[in-house]
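Geometric and topological summary
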Amino acid sequence: MAVLYSWLGMSDMRLIGAADAEDHERGPLFQALADRDFRRLVLLCNATDSEAEHFKSELITRLARKGKVLEVKIGYFDLSDPTDYSRIYHCVRELLDREYRLADDSWFHLSPGTPAMASVWMVLSQSSHPARLIQTSREQGLREVELPFVLEARARGSLSALVQDLMDGSDTAGEFSRISYSEPVMARIIEKARRAARFDIPVLISGESGTGKELLSRAIHHASPRKDGPFVPVNCGAIPADLMESQFFGHVKGAFTGAESDRQGVFEEARGGTLFLDEIGELPPAMQVKLLRALQEGEVRPVGADRSRSIDVRIVAATNRHLPGEIAAGRFRPDLYYRLAVAGLGIPPLRQRPGDIPVLVRRLMSDINREFAAADPAWEERDLSAGAMDFICAQPWPGNVRQLLNSLKQAVLWSHSLIIESDDLIDLLSPETIADAPQAGAYLQEELDALARRRIEQALGRNRGHKARTAEELGFANHQTLTNWMSRLGIDYTA
């Protein structure tokens, strides 16, 4: 199946609403889809949901008038800087990890978007995601693009370094690329976080345990003007009440029994940087008053000291409690809440954003394999079967991303096979949290077929669709036997 991957550029968004009917068909995307028989379009989009859906509806309608049927898939991404190579790379890789199949006839469109976007398509087409390239213009129509300079880079073995450079880009908001998501709700949260990061204002992040509040807070710090300063995390719920004031504000020698020397508090440790107050809702009322005073006056007084010291920190706080409800119950001060929640961000639980699960799983599995390989040079990379992925996506994950990570890590650790099955995961979850657990062995044939399909598609990709070479590599008697397997497994590969 011929699939076109492309950014949704401003020229297409502008022309789709043009008064002149002919202008509707002059955008680079419409030109490509009208000139070539693509069956599927996968779009990367930085527009709003309503704008993208309007474009999609108009595009399908106008192509239908030309007798063309098209399936359109849209991936929404936060991209505040269209020249940010690192962010562009991670957006494209995230989408391709979900949608790309070696068996497809894949094409990348270079014309929509910025030159930075086109560069990323070029690199990926010659490395991890083989594809053909096209560009369109009003003057010359659609043309296929050949890239001999990229092929030379690959031959010299330097292409992987180029890809790594893109991954390790030093943009001021690069830390956000560590947050994997595909749901529009998360894209909006990341966009708000990026915007808030630029200003030296307090941020309050709410969400259930394990949703990634500290990860988001670190991203905000690294995208802020204070990025060169320290990031100091403090778990407010883990500090004994009698030591809390000393931990926050410090103490001088002799201030109390055991105070054998002066000690800085976390406000001074975080000077010039960000102080992350995790589980802020756990603070006792007396400490809430002292924290509020410190924030209002911009200074703290160490326990036992006779003078105050100025502070220079940015506060990012987080809580798994519903603070307005805590205020109504008299357990949290409203004035402290308003002081902290200048920019409020709420991360939804994983069960409310199921589309993020496959993206997260791929990112976490990559991280786990990298961690285990660093500890054991003989480590062989593990992967998930199709049945295991389906099982994971069906679970509610009450512990959110933290529970998902720990479950995957345990499955990788204890699995004796390179392919992790759903049964390996069922054993790690408590029965009351498992949704629709399959019977042992129920997915066996499906998983065997999925493994065979993947191996064949990968070999076809390496051999550019040449069946004889693929059959020889995989150990088939001849190319006709390979063809029979492809037919049974539904593999339709066009070189």
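Residue positions within a chain follow its written sequence, with the count starting from 1. In view of the model being predicted, local features appear only for residues whose pLDDT reaches at least 70, and side-chain atom pairs are presented and counted only at 80 or more, with totals across whole chains, interfaces and linings using the full set of residues. Side-chain figures throughout are based on the complete set of non-hydrogen atoms in the structure, without hydrogens or water.

On to the sheet that holds strand β1 (residues 2-7). Strand order in the open sheet formed by 6 strands is β3-β2-β1-β4-β5-β6, and the pairing between neighbours is mixed. With one partner strand each, in any of the chains shown, β3 (71-76) and β6 (141-145) form the two edges of the open sheet. Taken pair by pair, the neighbouring strands of this sheet meet at an average axis angle of 25°, ignoring direction. When DSSP locates at least two bridges between a pair of strands, those strands are taken to pair. Strands here are runs of E lasting at least two residues and helices are runs of H or I lasting at least four, both read from the DSSP assignment and numbered beginning at the N terminus. Of the strand pairs in this sheet, β1 and strand β2 (residues 40-45) are connected by 5 bridges, and their pairing is parallel. Bridge pairing in β2 links serine 6 to leucine 43. What counts as an axis is a line fitted to C-alpha atoms, over the stretch in contact for a helix, and the angles between N-to-C directions run from 0 to 180 degrees.

Grid points spaced at 1 Å over the protein atoms alone were grouped into cavities, where a 1.4 Å probe fits but cannot get out, and pockets, open sets with protein on both sides within 12 Å along at least five of seven lines, with lining residues defined by an atom within 4 Å of a point. Grid points are joined across faces, edges and corners, and a volume is the space filled by probe spheres set on the points. In this structure, the second largest pocket occupies an estimated 760 Å³ of space. Considering the residues around the second largest pocket, the lining is formed by 29 residues, among which Gly210, Thr211, Gly212, Leu215 and Val401 are closest to the centre. Mapped by element, the contributors of at least two residues to the lining of the second largest pocket are α8 (184-197), α9 (213-222), β11 (274-278), α15 (356-375) and α17 (400-414). Here the lining of the second largest pocket gets 6 residues from one element, more than from any other, and that element is α15. When its residues are assigned to classes, the lining of the second largest pocket shows 12 nonpolar, 5 polar and 12 charged. Charged means Asp, Glu, Lys or Arg here, nonpolar means Ala, Val, Leu, Ile, Met, Phe, Trp, Tyr, Cys or Pro, and polar covers whatever is left, Gly included.

Next up on the list: the pairing of β6. Examined bridge by bridge, strand β5 (residues 132-137) and β6 share 5 bridges and lie antiparallel to one another. Note that in β6 the partner of leucine 133 across the bridge is valine 145. Counting the residues that bridge the hairpin from β5 to β6 gives 3 residues.

In this section: helix α2 (residues 28-35). The buried label goes to any residue with under 20% of its type's maximum accessible area, the exposed label to any with over 50%, and the partly exposed label to all in between, with areas taken from a 1.4 Å probe on protein chains only. Of all 8 residues making up α2, 6 are buried, and the element is well covered by its neighbours. By the burial criterion, the buried members of α2 are Pro28, Leu29, Phe30, Gln31, Ala32 and Leu33.

Before going further, it helps to spend a moment on the packing of α2 against helix α3 (residues 49-64). As a packed pair, α2 and α3 sit with axes 11 Å apart at the nearest point and diverge in direction by 35°. For the crossing formed where α2 meets α3, the hand is right-handed. The residues of α3 that touch α2, namely those facing Leu29, Phe30, Leu33 and Ala34, are Phe55, Leu59, Arg62 and Leu63. Take the far helix as the reference: if the near one is turned anticlockwise from it by less than a right angle, the crossing is left-handed, and if turned clockwise, right-handed. Any two residues having at least one pair of non-hydrogen atoms within 4.5 Å are treated as being in contact.

This next bit is on the side chain of glutamate 326. As for its position among the elements, glutamate 326 is in helix α13 (residues 323-328). Judged by relative accessible area, glutamate 326 falls into the buried class, the value being 11%. Ignoring anything within four residues of it in the chain, the contact list for glutamate 326 reads Arg321, Arg331 and Phe332.

Ordered in space as β8-β11-β14-β7-β15, the 5 strands form an open sheet in which the pairing is parallel. This sheet does not close on itself; its edge strands, each paired only once, are β8 (231-235) and β15 (343-346). Here the strands of the sheet are splayed against their neighbours by 15° on average, with no regard to which way each runs. Where strand β7 (residues 203-206) lies against β15, 4 bridges are found, and the strand directions are parallel. Within β15, the residue paired with valine 203 across the bridge is alanine 343.

Per-residue pLDDT for the protein chain has a mean of 82; in total, 85% of the residues score no lower than 70. Looking at any residue, its pLDDT shows the predictor's confidence there, from 0 to 100. Taken together, the stretch residues 150-173 has pLDDT below 50 and engages in 32 contacts with residues farther than four places along the chain or on a different chain. This stretch, residues 436-443, has a pLDDT under 50; its non-local contacts, to residues over four places away or in other chains, come to 10 contacts.

Put simply, buried Ala, Val, Leu, Ile, Met, Phe, Trp, Tyr and Cys residues joined by side-chain atoms within 4.5 Å make one nonpolar core. Counting 30 residues, the largest nonpolar core has Phe248, Phe267, Leu275, Leu277, Ile280 and Leu291 as its most contacted members. Residue assignment for this core shows that the elements contributing at least two residues are β8, α10 (244-249), α11 (266-269), β11, α12 (285-297), β14 (314-319) and α14 (334-340). If one sorts the elements of this core by residue count, α12 sits on top with 5 residues. Setting aside chain neighbours within four positions, we find leucine 277 in contact with Val234, Cys236, Phe248, Leu291, Ile315, Val316, Ala317 and Ala318. If you look at the next biggest cluster of nonpolar residues, it comprises 27 residues, including Leu79, Tyr100, Met117 and Ala118.

Any carboxyl oxygen of Asp or Glu within 4 Å of a side-chain nitrogen of Lys or Arg constitutes a salt bridge here. A full pass over the atoms with the stated rule returns 22 salt bridges. If you follow the salt bridges from partner to partner, you end up with Glu282, Arg321, Glu326 and Arg331 in one network.

Looking at the secondary structure, you find arginine 314 in strand β14. Notably, arginine 314 is buried but unbridged: the nearest opposite-charge side chain belongs to aspartate 200, and the N-O separation is 4.8 Å. Contact partners of arginine 314, with chain neighbours within four places excluded, come to Ala196, Ala197, Phe199, Asp200, Ile201, Val203, Ile220, Ser224, Arg226, Gly273, Thr274 and Leu275. This count recognises Lys and Arg as positive and Asp and Glu as negative, with His and chain-terminal groups excluded.

The aromatic pairing rule takes the rings of Phe, Tyr and Trp, using the six-membered ring of Trp, and pairs them if the centres are within 6.5 Å, calling planes under 30 degrees apart stacked, those over 60 edge-to-face and the rest tilted. Summed over the entire model, instances satisfying the criterion amount to 11 aromatic pairs. Relative to phenylalanine 249, the ring of phenylalanine 248 has its centre 6.1 Å away and its plane inclined at 65°; by these criteria the two rings are edge-to-face. For phenylalanine 248, a relative accessible area of 0% puts it in the buried group. Here the aromatic cluster, defined as three or more aromatic residues joined through ring pairs, consists of Tyr5, Tyr100, Phe108 and Trp121. One residue, arginine 382, lies across the ring of tryptophan 379, its end atom 4.1 Å from the ring centre. Geometrically, a charge over a ring is one whose NZ (Lys) or CZ (Arg) sits within 6 Å of the ring centre while staying within 35 degrees of the ring normal.

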